[in-house]
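Spelled out from the first residue to the last, the chains are:
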Amino acid sequence: MKYYVLACALPLLTGCMSMKNVNELPPELIYQPPTTGSTATIMGRMEPRHTVLVGDRIAYIIDIDGKRVPKARKEDYSATWDNVYPLTTGEHTVTVSYRMAGHYTRPAKISFTAEANKNYQLDFVTDIGTAWFSGDSYADIWIKDKATGKAVTEVVRTAPPPAPQTISYPIIINN
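About the cut-offs
- Residues numbered from 1 in each chain as written.
- Predicted model: local features only at pLDDT ≥ 70, side-chain atom pairs only at ≥ 80, totals over all residues.
- Heavy atoms only, no water.
- Helix = DSSP H or I, 4+ residues; strand = E, 2+ residues; numbered from the N terminus.
- Buried < 20%, exposed > 50% of the residue type's maximum accessible area, 1.4 Å probe, protein only.
- Contact = heavy atoms within 4.5 Å.
- Areas by Shrake-Rupley, 256 points an atom, 1.4 Å probe, with all protein chains shown as cover.
- Pairing = 2+ DSSP bridges.
- Salt bridge = Lys/Arg side-chain N within 4 Å of Asp/Glu carboxyl O.
- Core = buried A, V, L, I, M, F, W, Y, C linked by side-chain atoms within 4.5 Å.
- Axes fitted to C-alpha atoms, helices over the stretch in contact; angles between N-to-C directions.

**Student:** What am I meant to see in the overall build of the chain here?
**Tutor:** For the chain, the helix and strand inventory stands at one helix and 11 strands. Shown N-terminal to C-terminal, the secondary structure of the chain runs as helices and strands in the order α-β-β-β-β-β-β-β-β-β-β-β. Relative to its 175 residues, the chain shows a buried fraction of 30%. The contacts in the chain between residues at least 6 apart in sequence include a share of 57% that link residues at least 24 apart. Surface exposure of the chain reaches about 12000 Å², of which carbon and sulfur atoms provide 58%.

Here is the structure:
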């Protein structure tokens, strides 16, 4: 009897596993790299953790010109920091963010002009997770030319989202 129930349930369970993820974006909303013409590249940046108690510091790309960068289904965008994205030459707007362990910042937009055959990378400075009682208040992010290390954009400051407000209600017990 056990084997009969298992044999009947197996097709149902495997059918559920192969269903399409309904949260996937349509293909026209996902960034597609250029296939022809002069190109440049851009990628995020990661600073490895300095102690076991803190996570890696990561500046990463969320979208390019309003189209989300591709990622694996269950992966966070911060896990795509080392992906290299080809770009056409010309003006681009990149949405970026920062994450360190459980801390993260709101997305920010950076515009820049990509030049042919250049490689660009995000760079950042932050007070998030830098000391035990740091302010955890900002991450400054910019884009630099990877070969020269010189900034090609202005600095954009992004901050963590505000802490949720806690509301307390008194509990009155009448005896």
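**Student:** Got a minute to help me understand the pairing of strand β5 (residues 85–88) in this structure?
**Tutor:** A regular strand carries its side chains on alternate faces of the sheet. Taking every second residue as pointing to the same face, the buried face of β5 carries Y85 and L87, while none of P86 and T88 on the other face is buried. Looking at chain direction, strand β1 (residues 39–43) and β5 are connected through four bridges and run antiparallel. Of the residues in β5, the one forming a bridge with I42 is Y85.

**Student:** How do you make sense of the pattern of salt bridges when you look at a structure like this?
**Tutor:** When charged atoms on two side chains of opposite charge get close, those side chains can pair. The tally for this structure, following the rule as stated, stands at six salt bridges. When the shortest N-O distance is used, the salt bridge between E47 and R45 registers 3.2 Å. Residue class for E47 comes out partly exposed when judged on its relative accessible area of 22%. K144 serves as the salt-bridge partner of D123, at 3.6 Å between the closest nitrogen and oxygen. A residue pair is termed long-range when its members are at least 10 positions apart, and D123 in strand β9 (residues 119–126) and K144 in strand β10 (residues 139–145) qualify at 21 residues. What makes D123 buried here is its relative accessible area of 12%. For K144, a relative accessible area of 15% corresponds to the buried category. Through salt bridges that share partners, R45, E47, D123 and K144 make up one connected network.

**Student:** Could you clarify how one ought to interpret the nonpolar core in this entry?
**Tutor:** One broad trend across soluble globular proteins is that nonpolar side chains are buried collectively. Residues I42, I61, I64 and F112 are the most contacted members of the largest nonpolar core, which totals 27 residues. Secondary-structure elements contributing two or more residues to this core are β1, β3 (57–64), β5, β6 (90–100), β8 (108–114), β9 and β10.

**Student:** Whenever I open this one, the sheet that holds strand β11 (residues 156–158) confuses me. Can you help?
**Tutor:** Strands in a sheet are paired, the pairing made by backbone hydrogen bonds, and the direction either parallel or antiparallel. Strand order in the open sheet made by the five strands is β5-β1-β9-β10-β11, with mixed pairing throughout. The open sheet terminates on both sides in strands that have one partner only, identified here as β5 and β11. Shown here is a sheet whose adjacent strand axes are inclined to one another by a mean of 30°, direction ignored. Across three bridges, β10 lies against β11 in antiparallel orientation. Residue pairing in the sheet places D140 in a bridge with R157 of β11.

**Student:** What should I look at first to understand the pairing of β1 in this one?
**Tutor:** Along β1, four of the five residues are buried, which leaves the element largely enclosed by surrounding structure. As judged from the three bridges shared by β1 and β9, these two strands associate in the parallel manner. Following the sheet pairing, T41 is matched in β9 by N119.

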